Amino acid sequence: MLSIFLFALGPIAADAQDKRGPVTNLPLPRYVSMKAAEGNVRRGPSLTHRIDWVFKRRGMPLQITAEYGNWRKVQDRDGAGGWVHYALLSGVRTVLIESEMLAVYSRPDAGAPVNAHFETGVVARLGSCSLDWCKVSAGGHRGWTLKSNLWGVDPSEIRE
């Protein structure tokens, strides 16, 4: 009886992990960044919807949670968000540093020499990631840090 239940539950679990956007067929949720220096965040997916606020940070990482036509529903690190036009977004991956004076190492090893320290809130460009480490760069400095110190990359995400 239990095996029949687990067998029936299998497709549901797979669908939850493999959710795709109806417009782009890309995975949802997924991370992007702000292409524009300013972007209106609206209550709904059209120009007729009220602007709730304006994102004012080029390169800021955002998570896309839904799609409708040329509109993407996004949220920032704090969960604030709404609908923005897709032209304001970029596929270039960035992350927010979430630890104060985060050490960035020359290689993915806590015993490696430290290349730099990044402050909380710094937007860094995301490079390759292993299961635990990601390569980041900001302000002319680059190196490796633990993925758990970053917002804008999934814990299980591997990037080459």
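Scoring rules and cut-offs
Residues numbered from 1 in each chain as written. Predicted model: local features only at pLDDT ≥ 70, side-chain atom pairs only at ≥ 80, totals over all residues. Heavy atoms only, no water. Phe/Tyr/Trp six-rings, centres within 6.5 Å; stacked < 30°, edge-to-face > 60°. Helix = DSSP H or I, 4+ residues; strand = E, 2+ residues; numbered from the N terminus. Buried < 20%, exposed > 50% of the residue type's maximum accessible area, 1.4 Å probe, protein only. Disulfide = S-S within 2.5 Å. Core = buried A, V, L, I, M, F, W, Y, C linked by side-chain atoms within 4.5 Å. Salt bridge = Lys/Arg side-chain N within 4 Å of Asp/Glu carboxyl O.

A. Representation of the packing of aromatic side chains in the model. Counted by the stated rule, this structure contains two aromatic pairs. Plain terms: the ring middles of Tyr-31 and Trp-151 are 5.3 Å apart, the flat faces sit at 90° to each other, and that makes the pair edge-to-face. Within this pair, whereas Tyr-31 is found in strand β1 (residues 30-34), its partner Trp-151 is found in strand β14 (residues 150-151), the two being separated by 120 residues in sequence. Of the two residues examined, Tyr-31 and Trp-151, each falls in the buried class. A centroid spacing of 5.9 Å and a plane angle of 80° characterise the contact between Tyr-105 and Trp-133, whose relative ring orientation is edge-to-face. Highlighted residues: Tyr-105 in strand β9 (residues 102-105) and Trp-133 in strand β12 (residues 133-138), separated in sequence by 28 residues.

B. Spotlight on the state of the cysteines. Following the criterion strictly, the structure yields one disulfide and no others. A disulfide bridge connects Cys-129 with Cys-134, and the sulfur atoms are separated by 2.1 Å. Because the torsion about its S-S bond is 110°, the bridge between Cys-129 and Cys-134 counts as right-handed. As far as burial versus exposure is concerned, Cys-129 and Cys-134 are alike and both buried.

C. Summary view of the nonpolar core. Counting 14 residues, the largest nonpolar core has Val-95, Phe-118, Ala-124, Leu-126, Val-136, Leu-150 and Val-153 as the members making the most contacts within it. Broken down by secondary-structure element, the contributors of at least two residues to this core are β8 (94-97), β9, β10 (114-118), β11 (123-129) and β12. Counting residues in each nonpolar core, the second largest holds 12 residues, with Val-32, Ala-36, Ile-64 and Val-84 among its members.

D. Molecular detail of the pattern of salt bridges. What the rule picks out here adds up to seven salt bridges. Taking the shortest distance from any N to any O, the salt bridge between Arg-77 and Asp-78 comes out at 2.9 Å. Here Arg-77 falls in the partly exposed class, since its relative accessible area comes to 42%. Under the relative-accessibility criterion, Asp-78 is labelled exposed at 62%.

E. Examining the environment of Met-101 more closely. With respect to the helices and strands, the residue Met-101 is situated in the loop between β8 and β9. For Met-101, a relative accessible area of 42% corresponds to the partly exposed category. Residues Met-101 and Glu-119, 18 residues apart in the sequence, show an inter-C-alpha distance of 4.6 Å.

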